[in-house]
Amino acid sequence: MSNEKIILGIDPGTTIMGFGLIKVQNKKMSFLQLNELQLGKYDDHYLKLKLIFERTAELIDTYHPDEIAIEAPFFGKNVQSMLKLGRAQGVAMAAGLSREVPITEYSPKKIKMAITGNGNASKEQVAKMLQSLLQIKTLPKNLDSTDGLAAAVCHFYNMGRAASIGKSYTGWSSFVKQNEGRIKK
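The model shown is predicted, which means the values in this text are computed figures rather than measured ones.

Asker: Even after reading the chapter, I still don't get the pattern of salt bridges, so can you show me in this structure?
Answerer: In a structure, side chains of opposite charge can pair up when their charged atoms sit close to one another. This model, assessed by the stated rule, comprises five salt bridges. One salt bridge in this structure joins R99 and D61, with 2.9 Å as the shortest N-O distance. Residue R99 is located in the loop between α2 (79–98) and β5 (103–106), and its partner D61 is located in helix α1 (residues 45–63); the two are separated by 38 residues in the primary sequence. Under the relative-accessibility criterion, R99 is labelled partly exposed at 35%.

Okay, structure coming up:
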């Protein structure tokens, strides 16, 4: 691990995309930023995807993260919601891949477990733990941004254990190689 690293964490969503950034220096993390992209006011799903791509690319161009940690879609009962969430995650990943930033996906349970020690923790419990860990003065009203920050912190805790943490992509060729079953021939 190099002396300094910036990690961008993303909680993808088509109503709110949450994100957080941490800096890792000498194996210690510090808080940089957390915020959210409000998308609820837009009716056009494709416009939302475009805005997610543009905001993710803007964050990458502004903060120059060394790595991106992204929350993987969870499996729910509503197929349409899962599809929309998967698309949101996909365009955020595409923005990272287009800038050649390595990406690692984490399940919501893995993120909650890394932050609180409980894979079934509530959003509020995760936010409170992050507030304590990173000395964040005030928590935001919506907790989507703390979910994004939690993905970054989870990645920090799992650095050096890439083989056991899930899917990581370093570029398009890496993504294609790990997802050959998705490609139509």
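After that view of the structure, there is still more to cover.
Asker: Help me understand the packing of helix α3 (residues 108–116) against helix α5 (residues 144–158) in this model?
Answerer: Geometry of a packed helix pair, given as the angle between the helix axes and the separation of the axes. Two numbers describe how α3 lies on α5: the axes approach to 9 Å, and their chain directions differ by 70 degrees. By the angle between their directions, the pair α3 and α5 is classed as roughly perpendicular. Contacts from K110, I111, A114 and I115 in α3 reach A150, A151, V153, C154, Y157 and N158 in α5. Residue classes in the contact of α3 with α5 are distributed as eight nonpolar, one polar and one charged.

Reading the values: rules and limits
- Residues numbered from 1 in each chain as written.
- Predicted model: local features only at pLDDT ≥ 70, side-chain atom pairs only at ≥ 80, totals over all residues.
- Heavy atoms only, no water.
- Salt bridge = Lys/Arg side-chain N within 4 Å of Asp/Glu carboxyl O.
- Helix = DSSP H or I, 4+ residues; strand = E, 2+ residues; numbered from the N terminus.
- Buried < 20%, exposed > 50% of the residue type's maximum accessible area, 1.4 Å probe, protein only.
- Axes fitted to C-alpha atoms, helices over the stretch in contact; angles between N-to-C directions.
- Parallel < 35°, antiparallel > 145°, perpendicular 65-115°, else oblique.
- Contact = heavy atoms within 4.5 Å.
- Nonpolar A, V, L, I, M, F, W, Y, C, P; charged D, E, K, R; others polar.

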